[in-house]
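Residue-level structural notes
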Amino acid sequence: MQFDPLIRYSFIAGVAGLIAFVATPLTLIVARRLGFTDKPGPHKLHLAPIPVLGGAAIWAAVVIALLVFGEGRE
């Protein structure tokens, strides 16, 4: 069944958002355990180490959603 592209891409974006919502806290835990953090320094505003793998969770969520629900042209 063919859906309107706007509806299909909105659905894919929604699924990617849900996956990212679940995956981001998990990647933050992994980043802290593996040491993937930005350390505080004299030219930085944060006072505690900040995990830096949140973008990987978002990227992975988009790729997974496209692989599962995309038609292969994306």
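Residues numbered from 1 in each chain as written. Predicted model: local features only at pLDDT ≥ 70, side-chain atom pairs only at ≥ 80, totals over all residues. Heavy atoms only, no water.

**Observations concerning the pattern of salt bridges**
As a reminder, the rule being used: In what follows, salt bridge is the name for a side-chain nitrogen of Lys or Arg lying within 4 Å of a carboxyl oxygen of Asp or Glu. Summary of the burial criterion: residues with accessible area below 20% of their type's maximum are buried, those above 50% are exposed, and those between are partly exposed, where the area comes from a 1.4 Å probe applied to protein chains only.
All chains considered together, the criterion is met by one salt bridge. With a shortest N-O distance of 2.5 Å, aspartate 38 and lysine 44 are connected by a salt bridge. The partly exposed category is assigned to aspartate 38, whose relative accessible area is 27%.

**Describing the environment of isoleucine 12**
For clarity, the threshold we go by: By definition, any uninterrupted DSSP run of H or I lasting at least four residues is a helix, any uninterrupted run of E lasting at least two residues is a strand, and each is numbered from the N terminus. In this description, contact between two residues means that some pair of their heavy atoms is separated by no more than 4.5 Å.
With respect to the helices, strands and loops of the structure, isoleucine 12 is situated in helix H1 (residues 5-34). Accessibility expressed as a relative area gives 6% for isoleucine 12, which makes it buried. Between the alpha carbons of isoleucine 12 and valine 62 there is a distance of 8.0 Å; along the sequence they are 50 residues apart. For isoleucine 12, the contacting residues outside a window of four places in its chain are Ala65, Leu66, Phe69 and Gly70.

**Digging into H1**
Keep this limit in mind: Helix span, expected: 1.5 Å multiplied by one less than the number of residues in the helix. Values of bend correspond, residue by residue, to the angle between axes fitted over the seven residues ending at that residue and the seven starting there.
Taking 1.5 Å of rise per residue, 30 residues should cover 44 Å, and H1 covers 40 Å from first to last C-alpha, within 8% of that figure. Along its length, H1 reaches its greatest deviation from straightness, about 30 degrees, at alanine 23, and the proline proline 25 lies no more than four positions downstream. Of the residues making up H1, those classed as buried are Arg8, Ile12, Val15, Ala16, Ala20, Ala23, Thr27 and Ala31. Where H1 is buried, its residues contact strand E1 (37-38), strand E2 (50-51) and helix H2 (54-69). Residue glycine 35 follows H1 closely and has a positive phi angle near 85 degrees.

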